[in-house]
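A look at the structure
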Amino acid sequence: MAEPQRDWFDKDYYKTLGVSESASAKEITKAYRKLARSLHPDANPDDPKAEDRFKDVSSAYDVLGDEDKRKSYDELRRYGPMAGEFGPSGGQAGGFNVGRDDLGDMLGGLFNRGGRGGGRRSGVQGGADLEADLHLDFEDAVAGIETTIHLTSDASCSNCSGTGAEPGSSPRRCPQCGGSGTIDKNQGFFSFSQPCPACNGRGNIIDDPCHTCHGTGVERRPRDVKVRIPAGVKDGQKIRLGGRGGPGRGGGPPGDLFIRTHVAPHPLFGRSGSDLTLLVPITFAEAALGADIKVPTIDQEPVTIRIPAGTRNGRKFRVRGHGAGGDLLVTVEIAVPQNLDADQRKAVEKLDSLTTESPRTHLGV
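Nothing here was measured: the structure is a model prediction, and the numbers come from that model. Position numbers for residues start from 1 in each chain and track the written sequence from start to end. Per-residue local features are limited, in this predicted model, to residues with pLDDT of at least 70; the limit for side-chain atom pairs, both in listing and counting, is 80 or more; totals at the level of whole chains, interfaces and linings are taken over all residues. Computation of side-chain values: all heavy atoms of the structure, hydrogens and water removed.

Turning our attention to the sheet that holds strand 10 (residues 238-241). Either a parallel or an antiparallel arrangement is found when strands of a sheet pair, and the pairing is made through backbone hydrogen bonds. The criterion for strand pairing is that DSSP finds at least two bridges linking the strands in question. Every helix listed is a DSSP run of H or I at least four residues long, and every strand listed is a run of E at least two residues long, numbered separately from the N terminus. On the basis of which strands lie adjacent, the open sheet formed by 3 strands has the order 3-11-10 and mixed pairing. Looking at which strands have only one partner, the edges of the open sheet turn out to be strand 3 (130-136) and strand 10. With strand direction ignored, the average angle separating the axes of adjacent strands in the sheet is 25°. Every axis in this analysis is a line fitted to C-alpha atoms, fitted for helices over the stretch in contact. Angles between the N-to-C directions lie between 0 and 180 degrees.

Even without glycine at this site, Ser161 takes up a positive phi of about 60°. For Ser161, the position within the fold is in the loop between strand 4 (145-156) and strand 5 (172-173). Given a relative accessible area of 59%, Ser161 falls into the exposed group. A positive phi is found at His214, a non-glycine position, where the angle reads about 60°. Tracing the backbone through its elements, the reader meets His214 in the loop between strand 8 (204-205) and strand 9 (218-229). Exposure is judged per residue with a 1.4 Å probe applied to protein chains only, and the accessible area is read against the type maximum: over 50% gives exposed, under 20% gives buried, and values in between give partly exposed.

As a further point, take the pattern of salt bridges. Pairing between side chains of opposite charge can happen when their charged atoms approach one another. Whenever a carboxyl oxygen of Asp or Glu lies within 4 Å of a side-chain nitrogen of Lys or Arg, that contact is scored as a salt bridge. Using the criterion set out here, one finds 16 salt bridges in the structure. A salt bridge links Glu131 to Lys238; its shortest N-O distance comes to 2.8 Å. Taken together, the positions of Glu131 in strand 3 and Lys238 in strand 10 put the pair 107 residues apart, joining distant regions of the chain. Glu131 gets classed as partly exposed once you look at its relative accessible area, which sits at 49%. Note that Arg260 is salt-bridged to Glu131, the shortest N-O span being 2.8 Å. Of this pair, Arg260 sits in strand 11 (residues 257-263) while Glu131 is found in strand 3, placing the two residues 129 residues apart along the sequence. Owing to a relative accessible area of 26%, Arg260 belongs among the partly exposed residues under this scheme.

Here is the structure:
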């Protein structure tokens, strides 16, 4: 199961996405996409509250949209509220018999605190943040995609699952510091804490170190990380994956993984914030007389737009809902024929002879 995160105790991700706890994976994805589209910062450039909601929605989907994380989150939600119900005789939670002291140890270990001894263990270290690059096609960046990042980095030891102890054995609590990793030393009127010399500040002692990681709980190896790229991601944007970075040590939390996106250009479409842009050539006749023309969209469903009679070169038309969270902006460009045959030339000359007003009158020359 996925490693629990601190926020899981405090946040109701089902409520954030507006779905029930029994919602299917498809319903969760549908709810996320609807909220992400309406709350995306590009669609709300001057609304910081919308940006905060967008981050909350993304965090919720990062957990509920992942089967393994959702299972861990649901288990923690069933377990957490029962913490206050355990008496001295202990109780049952998540399939384990635990007492109040044991529960405190388990929750304390989750949040980098010692158990009964309290306080933060000096041997606890949070994992390092990592960065990775992801190259995306233009269409995938607009629509969003689920993909896999391949990277080589420090990771929890595959042999001992990060405990540092050879499988079949386990670390034991340091008897000298009681698992806190520190001891108090008195110097006359003063006292101060220092790392426990028996366990070197780790809070536990490994009698049989893992032969793969030599007791560190960490090994460097290739690994695959699944990532969901939200719709409308921009070139150079960073996406944070909480808890997917380097592993913590001594029970510390893992770091985060930051994905930097690189979006390839499209042969037809451009980007302007959450809008897509498209340059469409039209004939002089279509501009002068008006016409209905078909234009492509990024979702491969052509739409028809009306070109009014007398349309000028460079006029923009907005097609609602066919952007990257916004609209499609179509700019028309009047195409001037480069090679006229005899009949075409005569037709243009006839039009010129019938033109009585100069378009340059306002220049005064």
